[in-house]
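So the chains spell out like this:
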Amino acid sequence: MTDHQVRVMTWNIWWRFGPRWRERQPGILETIRRFTPDVVGLQEVWGTRDTTQAEELADALDMHAAFAAPSYPAADRSDVELGVALLSRWPIAQYDGIAMPSRHRAWDPVVLKAAVDHPAGRMPVLVACLEHATTYSDDRLAQATLLADLATDPSTDGPCPSLAIGDLNAAADSAVLRPLREVLIDAWTAGGGAADAITLPSSHPSAPLEAGPELVDQRIDHIFYRPGHEDQLVTVESAKIAGDPYDGVYPSDHRPVICDLRWRDR
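Residues numbered from 1 in each chain as written. Predicted model: local features only at pLDDT ≥ 70, side-chain atom pairs only at ≥ 80, totals over all residues. Heavy atoms only, no water.

**Comments concerning the overall build of the protein**
Definition in use: Under the scheme used here, helices are H or I runs from DSSP no shorter than 4 residues and strands are E runs no shorter than 2 residues, and both carry numbers assigned from the N terminus. Computation of the radius of gyration draws on C-alpha atoms, with the globule rule given as 2.2 Å multiplied by the number of residues to the power 0.38. Whether a residue is buried, partly exposed or exposed follows from its accessible area with a 1.4 Å probe, protein chains only, as a fraction of its type maximum: under 20%, in between, or over 50%, in that order. Here, residues are in contact when the closest pair of their heavy atoms is within 4.5 Å. Only the protein chains shown count as cover for residues, and the accessible areas themselves come from Shrake-Rupley with a 1.4 Å probe.
Per the secondary structure count, the protein includes five helices and twelve strands. Computed over the C-alpha atoms, the radius of gyration of the protein is 17 Å, within 12% of the 18 Å expected from 2.2 N^0.38 for a compact globule of 266 residues. With the C-alpha coordinates aligned to their principal axes, the bounding extent of the protein is approximately 50 × 40 × 35 Å. A burial count over the protein gives 55% of its 266 residues as buried. Residue pairs in contact within the protein that sit at least 24 positions apart in sequence constitute 73% of those at least 6 positions apart. For the protein, the accessible area works out to roughly 11,400 Å², and carbon and sulfur atoms hold 47% of it.

Right, dumping it as structure tokens:
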């Protein structure tokens, strides 16, 4: 039997928000380079008419990129999009932006649905950033339900696990994530990650404290997965959080999550 593996990262990279956004870009690049992920789900990614942040990172890292917009929160500039993106060590065979339920917004945010050509075969990947306003928890729950439905689509069954990753704007035990917990596996927990881990820390100089205790000082960035078929044994060998300052500058107000998955068929 052959073992296969993938190192997965998810990270909200804070668009062009906060002070000195240009100075944060080297830290984003070097953090990804340091941890050598195979697949990276990015949220709050900027895009212009000429390029996207994902494309620039992929060029520097010798990876492949896909980008979809719009996403949360709404961009405050009409000339710069805000979206979600995927970086992959392997070619991205196909991707699309799927509109998510959004009764309280005047626009339709999207989840990025992609297929990566992993050496073992097609790997389905979903990258999302769910509604951040806890007032609109009906939308948050509906979006989590859609994500769970997409991640369990029988047409994506195959030789690789399915991944659903992103800034889900809900703590691991939140009712918002119940649809995902019921059908997918939380890689952080499966990999022995600390129960008190935080990905949106109040200690950050520009922490969005107005987001409230449901989001701040919680683990709201997640990697979920399910085996590609009933005889596939998937283990999570490690779970870690990164995102320390680079040259004295925090790359983002979020901390990235990194998990190593290994699988084999019975």
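Once you've had a look at it, read on.
**Topic: the packing of aromatic side chains**
Formally: Planes of paired rings set the category: under 30 degrees apart is stacked, over 60 is edge-to-face and the rest tilted, where pairs are Phe, Tyr or Trp rings (Trp by its six-membered ring) whose centres lie within 6.5 Å. Comment: the charge-over-ring label is applied if NZ (Lys) or CZ (Arg) is within 6 Å of the ring centre and within 35 degrees of the ring normal.
On inspection of all chains with the given rule, the structure shows three aromatic pairs. Their ring planes at 55° and their centres at 5.3 Å tell us that Y72 and W107 sit as a pair that is tilted. Residue Y72 is found in the loop between β3 (64–68) and β4 (81–88), and its partner W107 is found in the loop between β5 (92–99) and β6 (110–118); the two are separated by 35 residues along the sequence. Here the guanidinium or amino end of R16 rests over the ring plane of W46, the centre of that ring lying 4.5 Å away.

**With respect to the layout of surface pockets**
How we decide: With a 1 Å grid spanning the protein atoms alone, the term cavity applies to any set of points in which a 1.4 Å probe fits but cannot get out, the term pocket to an open set with protein on both sides within 12 Å along at least five of seven lines, and the term lining residue to any residue with an atom within 4 Å of a point. Grid points are joined across faces, edges and corners, and a volume is the space filled by probe spheres set on the points. Under this grouping Gly is polar, as are all residues other than the nonpolar Ala, Val, Leu, Ile, Met, Phe, Trp, Tyr, Cys and Pro and the charged Asp, Glu, Lys and Arg.
Roughly 330 Å³ of internal volume is contained in the largest pocket. What lines the largest pocket is a set of 17 residues, and nearest its centre among them are E44, P73, H132, P208 and A211. Residue classes in the lining of the largest pocket are distributed as ten nonpolar, three polar and four charged. Considered as a void within the structure, the second largest pocket measures approximately 240 Å³ in volume. The wall of the second largest pocket is formed by 18 residues, among which K113, A114, A115, P124 and T156 lie closest to the centre. The element best represented in the lining of the second largest pocket is strand β7 (residues 121–129), accounting for four residues. Taken together, the residues that form the lining of the second largest pocket break down as ten nonpolar, five polar and three charged.

**So, the pattern of salt bridges**
Just so we agree on the cut-off: By salt bridge we mean one thing: a side-chain nitrogen of Lys or Arg within 4 Å of a carboxyl oxygen of Asp or Glu.
Within the structure shown, the criterion is met by 16 salt bridges. With a closest N to O distance of 3.8 Å, D3 and R262 form a salt bridge. Separated by 259 residues along the polypeptide, D3 in the segment before β1 (4–12) and R262 in strand β12 (residues 257–265) bring together distant segments of the chain. Take D3: its relative accessible area is 32%, and that puts it in the partly exposed class.

**Focus on the sheet that holds β4**
We apply this condition: Here a strand pair is declared whenever DSSP counts at least two bridges between the two strands. Axis geometry follows a simple rule: fit a line to the C-alpha atoms, using only the stretch in contact for helices, then measure angles between N-to-C directions, giving values from 0 to 180 degrees.
One open sheet accounts for six strands, arranged β3-β4-β2-β1-β12-β11; its pairing is mixed. Each edge of the open sheet is held by one strand with a lone partner, namely β3 and β11 (232–241). Within the sheet, the average angular offset between the axes of one strand and its neighbour, ignoring direction, is 25°. For β1 and strand β2 (residues 39–47), the ladder comprises five bridges, and the chain directions are parallel. Paired with M9 across the strands is V40, a residue of β2.

**Remarks on unusual backbone geometry**
Each neighbour pair has its own omega, and for A69 with P70 the value is 5°, a cis peptide bond. Following Y72, the chain continues to P73 via a peptide bond in cis, the omega torsion being -20°. Looking at the element boundaries, P73 is found in the loop between β3 and β4. Positive phi values are uncommon outside glycine, yet W14 reaches one of about 70°. You can see W14 is positioned in the loop between β1 and α1 (21–35). At W15, a position not held by glycine, the phi torsion is positive, near 40°. On the basis of relative accessibility, which here comes to 2%, the residue W15 falls in the buried class.

**Regarding the packing of α1 against helix α2 (residues 53–61)**
Two numbers describe a pair of packed helices, the interaxial angle and the distance between the axes. Operational definition: Angles below 35 degrees are treated as roughly parallel, those above 145 as roughly antiparallel, those between 65 and 115 as roughly perpendicular, and all remaining angles as oblique. Two helices that cross are described as forming a left-handed crossing if the nearer one is turned anticlockwise from the farther one by less than a right angle, and a right-handed crossing if clockwise.
Running from N to C, α1 and α2 cross one another at 50°; their axes reach a closest spacing of 11 Å. Relative to α2, the element α1 lies oblique. For the crossing formed where α1 meets α2, the hand is right-handed. Seen from α1, the contacting residues are Q25, I28, L29, I32 and R33; seen from α2, they are Q53, L57, A60 and L61. Looking at side-chain class alone, the contact of α1 with α2 contains six nonpolar, two polar and one charged residues.

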